[in-house]
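A structural walkthrough
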Amino acid sequence: MKPDALEYNSNGSNQPGRPDVQGFEVGAISGRANEPIRSKNALERLELAVERAREEVAPLRISGCVAEVAPTFARVRGLSRFVRLGECVEFATGERRQLAEVVRIDAEAVTVKTFETGVPMRLGDRVHRVGPLRLAPHPSWKGRVLNALGVPIDAAGPLRKGENAYPIEAAPPPAMRRARVNAPLKTGVRAIDLFTPLCAGQRIGIFAGSGVGKSTLLAMLAASRDFDAVVIALVGERGREVREFLDDALAANRSLSVAVAATGDESPTMRRLAPKTAMTIAEYFRDRGESVLLVVDSITRFAHAAREIALAAGEPAVARGYAPSVFGDLPKLLERAGPGEEGKGSITGVFSVLVDGDDHNEPVADAIRGTLDGHIVLDRAISDQGRFPAIDVLASISRLAQWVWSGEQQKLVRQLRGLIARYEDTRDLRLIGGYKEGGDPELDQAVALVPKIYEALQQSPRSGLSKDAFRELAEILQGKESPRGKEVSVVK
């Protein structure tokens, strides 16, 4: 973190209202003090400014001291009665101010984890209470690249600060005030638009092992033109992949995109914070009435970071090393995506899930699958055949597809799934020479058509996005006669 990423007054609070200060605000902002000032008359503006200053500028600076230093955490005495879990504390190392998050509180001391790795703390160092983190996004953030703390890392100058501060740990919109999800979206990926179509405000997961083409598929989705804003969270990625993703995958939508990056060498606190920062930015654009695409790659590395923090806080490991709080953090984050309240925009969430050892029933994947509105499964066997994107259409599902398909399209997709299932079920039989044409008309049709369907589903970022998946499939299949002499009916 840069030294000027957070600026404070002499009493430990940040300086409010500065347009040249970086994104994060510290301390609670509530009630009338969180209202925009510009629409009021002079007396009301003065009153609101005073209220805001009273809440942002604490009359006292509460502090403690470092009592224990470990490789992954520190213990601070004197703050137990004044802080809450998830709040931040600040301590100085030389001329720099460092932030740390409170992860455990007991009567004697609090346990904190720093946002940077290798911070040189010493016993007796003073530690000051800061409060909860807040972010103040602005429309000018589009096209920028930030770290998890909202500090720009793209060498394009400081960020402009918005009028209202959003809490990083926010609650999702109330269930009964949320808009319905029924507006179709075109992703431009034929396999998705045909078999697992999406709606604006839907949350879907891409489940894949390593090296199966997950990031490439995310890049294709990020290039979609159906969104007003795109927010990307790159969590635990390799450093070189961040630049490649931004320069290649986001090239078409770079001016509409905000990227939040926390690479694999950064602290678990930063890696856990990055998706929350991206979600907060997406909520800001959603509240402006925009249709937002939020891509998190990957939510599994968010869970890994949460596990490291939970274990450092002393939680027991209950499932493959994961602490109970991890399975509480996942739905809290995922539920924030989706439709906003009536009259506002929506957040279409695409979350990649890196399944450990290609086990799609491992704890994180299993917990996420039940929270999302559908899942797209990438299969290593399909990628080994050179078919990309390596989507297993039989194992993938969209729970909101009925809002996208017409009656004819739904019937067609059901028939195509049946043909693909029959084709795959008889693969071994055909390999050993047990299949003879003419013995089973349905199998004959599957053998004739499924290779052409697979050909139609192949797509890469270089081949461009699909404009009409059903029409393009029809161009391959329309007019082709099956072994039974019947023309295949494809909905245009």
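Residues numbered from 1 in each chain as written. Predicted model: local features only at pLDDT ≥ 70, side-chain atom pairs only at ≥ 80, totals over all residues. Heavy atoms only, no water.

Moving on to the side chain of serine 224. Position of serine 224 relative to the elements: it lies in the loop between helix H3 (214-222) and strand S14 (229-235). At 3.3 Å, the side chain of serine 224 and the backbone nitrogen of aspartate 226 are in polar contact. When sequence neighbours within four positions are dropped, the list of residues in contact with serine 224 reads Lys186, Thr187, Asn253 and Leu465. (Helix = DSSP H or I, 4+ residues; strand = E, 2+ residues; numbered from the N terminus. Polar contact = N/O pair within 3.5 Å; in protein donor to acceptor, adjacent residues only side chain to side chain. Contact = heavy atoms within 4.5 Å.)

Now for the packing of aromatic side chains. Under the criterion given, the structure shown has four aromatic pairs. Here the aromatic rings of tyrosine 322 and phenylalanine 327 are separated by 6.0 Å at their centres, their planes lie at 65°, and the arrangement is edge-to-face. Since its relative accessible area comes to 26%, phenylalanine 327 is described here as partly exposed. An aromatic cluster is defined as three or more aromatic residues linked by ring pairs; in this entry it consists of Tyr166, Tyr284 and Phe285. Above the plane of the ring of phenylalanine 207 lies arginine 369, whose end atom (NZ or CZ) is 5.1 Å from the centre. Above the plane of the ring of tyrosine 423 lies arginine 430, whose end atom (NZ or CZ) is 4.0 Å from the centre. (Phe/Tyr/Trp six-rings, centres within 6.5 Å; stacked < 30°, edge-to-face > 60°. Buried < 20%, exposed > 50% of the residue type's maximum accessible area, 1.4 Å probe, protein only. Lys NZ or Arg CZ within 6 Å of the ring centre and 35° of its normal.)

Strand order in the closed barrel formed by six strands is S2-S3-S6-S5-S4-S7, with antiparallel pairing between adjacent strands. Averaged over all pairs of adjacent strands, the angle between their axes in this sheet comes to 45°, without regard to strand direction. The sheet contact formed by strand S2 (residues 63-69) and strand S3 (residues 74-77) spans four bridges and is antiparallel. Bridge pairing links cysteine 65 to arginine 77 in S3. (Pairing = 2+ DSSP bridges. Axes fitted to C-alpha atoms, helices over the stretch in contact; angles between N-to-C directions.)

The next subject is the side chain of histidine 138. Take histidine 138: it is sitting in the loop between strand S8 (133-135) and strand S9 (145-146). Judged by relative accessible area, which is 15%, histidine 138 ranks as buried. Engagement of the side chain of histidine 138 in a polar contact is seen with the side chain of serine 140, the distance being 2.9 Å. Apart from the residues within four sequence positions on either side, histidine 138 is in contact with Arg160, Lys161, Gly162, Tyr284 and Phe285.

This part takes up the pattern of salt bridges. Evaluation of the coordinates by the stated rule reveals 30 salt bridges. Here arginine 336 and glutamate 283 are joined by a salt bridge, their closest N and O atoms 2.9 Å apart. In this pair, arginine 336 sits in the loop between helix H7 (324-334) and strand S17 (338-339) while glutamate 283 sits in helix H5 (residues 268-287), placing the two residues 53 residues apart along the sequence. Comparing arginine 336 with glutamate 283 shows no difference in burial state: the two are buried. For the salt bridge of aspartate 359 with arginine 320, the shortest nitrogen-to-oxygen distance reads 2.9 Å. Residue aspartate 359 is found in the loop between strand S18 (346-354) and helix H8 (363-369), and its partner arginine 320 is found in the loop between helix H6 (299-312) and H7; the two are separated by 39 residues along the sequence. We classify aspartate 359 as partly exposed; its relative accessible area is 25%. (Salt bridge = Lys/Arg side-chain N within 4 Å of Asp/Glu carboxyl O.)

The periodicity of an α-helix, 3.6 residues per turn, causes residues three or four places apart in sequence to face the same way. For H3, the tally of buried residues reaches seven of nine residues, placing the bulk of the element in the interior. For H3, the complete set of buried residues consists of Lys214, Leu217, Leu218, Ala219, Met220, Leu221 and Ala222. Looking at the buried residues of H3, the elements they touch are helix H2 (190-195), strand S13 (203-208), S14, helix H4 (239-249), strand S16 (291-297) and S18.

What follows is about the confidence of the model for the chain. Mean pLDDT over the chain stands at 85; residues scoring 70 or higher make up 87%. Within the model, pLDDT remains below 50 along residues 1-23, and this stretch shows 67 contacts once partners closer than five positions in the same chain are excluded. In the model, residues 26-35 has pLDDT below 50 throughout and makes 31 contacts with residues more than four positions away in sequence or in other chains. (pLDDT = per-residue confidence, 0-100.)

Now for the pairing of strand S5 (residues 96-105). Pairing between strand S4 (residues 88-93) and S5: six bridges, direction antiparallel. In the strand pairing of S5, cysteine 88 is matched with glutamate 101. For S5 and strand S6 (residues 109-114), the ladder comprises five bridges, and the chain directions are antiparallel. Its bridge partner lying in S6, arginine 104 is registered against threonine 111. Following S5, the chain reverses through three residues before pairing antiparallel with S6.

With omega at 5°, the peptide bond leading from aspartate 297 into serine 298 counts as cis. Turning to its location among the elements, serine 298 is positioned in the loop between S16 and H6. Residue proline 389 is reached from phenylalanine 388 by a cis peptide bond, and omega for that bond is -5°. On the secondary structure map, proline 389 appears in the loop between helix H9 (380-384) and strand S20 (397-398). In the Ramachandran plot, alanine 155 falls in the positive-phi region, its phi being about 60° despite a non-glycine side chain. On the secondary structure map, alanine 155 appears in the loop between S9 and strand S10 (166-167). Its identity as a non-glycine residue notwithstanding, arginine 320 has a phi of 50°, on the positive side. Residue arginine 320 is classed as exposed on the basis of its relative accessible area of 53%.

If you look at the biggest cluster of nonpolar residues, it comprises 58 residues, and the most contacted ones within it are Ile192, Phe195, Ile206, Ile232, Val350, Leu378 and Ile391. If you tally residues by element for this core, the top one is helix H12 (residues 441-457), at seven residues. Sequence-distant contacts of isoleucine 192, that is, excluding residues within four places in its chain, are made with Thr187, Pro197, Leu198, Leu217, Leu221, Ile376 and Ile391. Trp141, Tyr322, Leu330 and Ile368 belong to the second-largest nonpolar core, a separate cluster that totals 52 residues. (Core = buried A, V, L, I, M, F, W, Y, C linked by side-chain atoms within 4.5 Å.)

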